[in-house]
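# Observations on the three-dimensional arrangement
This is what each chain is made of:
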Amino acid sequence: MEAKYISSKNFLTDKQKAEFERKYELTSDVQKTYGQIILGIMAKMGIDAKKAEELTGLNRTLFNNLEKPDGVILKRFIISISIGFGLDVHSTEYILESCGMRFNVNDRLDRAYIHLIEEHKGKDIETCNAILKELGVKGKDMLGELERGEYKKKK
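What comes next concerns the included structure. (Residues numbered from 1 in each chain as written. Predicted model: local features only at pLDDT ≥ 70, side-chain atom pairs only at ≥ 80, totals over all residues. Heavy atoms only, no water.)

The full count for this structure, using the stated rule, is 9 salt bridges. As a salt-bridge pair, Lys50 and Glu54 come within 3.5 Å of each other at their nearest N and O atoms. Highlighted residues: Lys50 and Glu54, both in helix H3 (residues 49-56), separated by 4 residues, approximately one helical turn. By relative accessible area, Lys50 is classed as partly exposed at 44%. For Glu54, a relative accessible area of 48% translates into the label partly exposed. Note that Arg102 is salt-bridged to Glu97, the shortest N-O span being 3.2 Å. Judged by relative accessible area, which is 57%, Arg102 ranks as exposed. The partly exposed category is assigned to Glu97, whose relative accessible area is 40%. Several salt bridges share partner residues, and in doing so they unite Glu19, Arg22 and Lys23 into one network. (Salt bridge = Lys/Arg side-chain N within 4 Å of Asp/Glu carboxyl O. Helix = DSSP H or I, 4+ residues; strand = E, 2+ residues; numbered from the N terminus. Buried < 20%, exposed > 50% of the residue type's maximum accessible area, 1.4 Å probe, protein only.)

Below is the structure:
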């Protein structure tokens, strides 16, 4: 069923549609996916999935599945990767944009994430989560994998 606000009249010729498809095919793989970007960063930094898990507090499976198409990633996971890998705000924004996300400086949570990246580079995920808590960030927005129960520092 089509929406009633779409005209039933055809506006494009077959040639125009074919030209659109040709242009799309030329550029459809130009922009890297977030997975390709993160895997590239990991390769340049010499980080494997096991080390990435240690640095970010995220499950190793996430890093092993970065090449799968049509994946979805949460903003807090990207921030976890940014903190764990010691990325700057610009690199983090690049990854966010590849996912169709951005930082919104008017958003308190995004501002807290930016603060972490700019002011607390090199700190581990546990310390950064403590800072987020002090800034009033809710548990569901903490970095790394969210675990239920009492907190136990990773070895």
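With that settled, the discussion passes to the packing of helix H5 (residues 75-85) against helix H6 (residues 89-98). Orientation of H5 relative to H6, taken along the N-to-C sense of each, is 150 degrees, at an axis distance of 10 Å. What the angle tells us is that H5 and H6 run roughly antiparallel. Where H5 crosses over H6, the two elements pack in a sense that is right-handed. In contact with Lys75, Ile78, Ile79 and Ser82 of H5, H6 contributes Thr92, Ile95 and Leu96. When its residues are assigned to classes, the contact of H5 with H6 shows 4 nonpolar, 2 polar and 1 charged. (Axes fitted to C-alpha atoms, helices over the stretch in contact; angles between N-to-C directions. Parallel < 35°, antiparallel > 145°, perpendicular 65-115°, else oblique. Left-handed = near helix turned anticlockwise from the far one by under 90°. Contact = heavy atoms within 4.5 Å. Nonpolar A, V, L, I, M, F, W, Y, C, P; charged D, E, K, R; others polar.)

Next up on the list: the state of the cysteines. What makes a disulfide is a covalent bond joining the sulfur atoms belonging to two cysteines. Enumeration according to the criterion identifies 0 disulfides in this entry. Its sulfur unpaired, Cys99 is 20 Å from the next cysteine sulfur, which belongs to Cys128. (Disulfide = S-S within 2.5 Å.)

That's the geometry; what it means functionally is another story.
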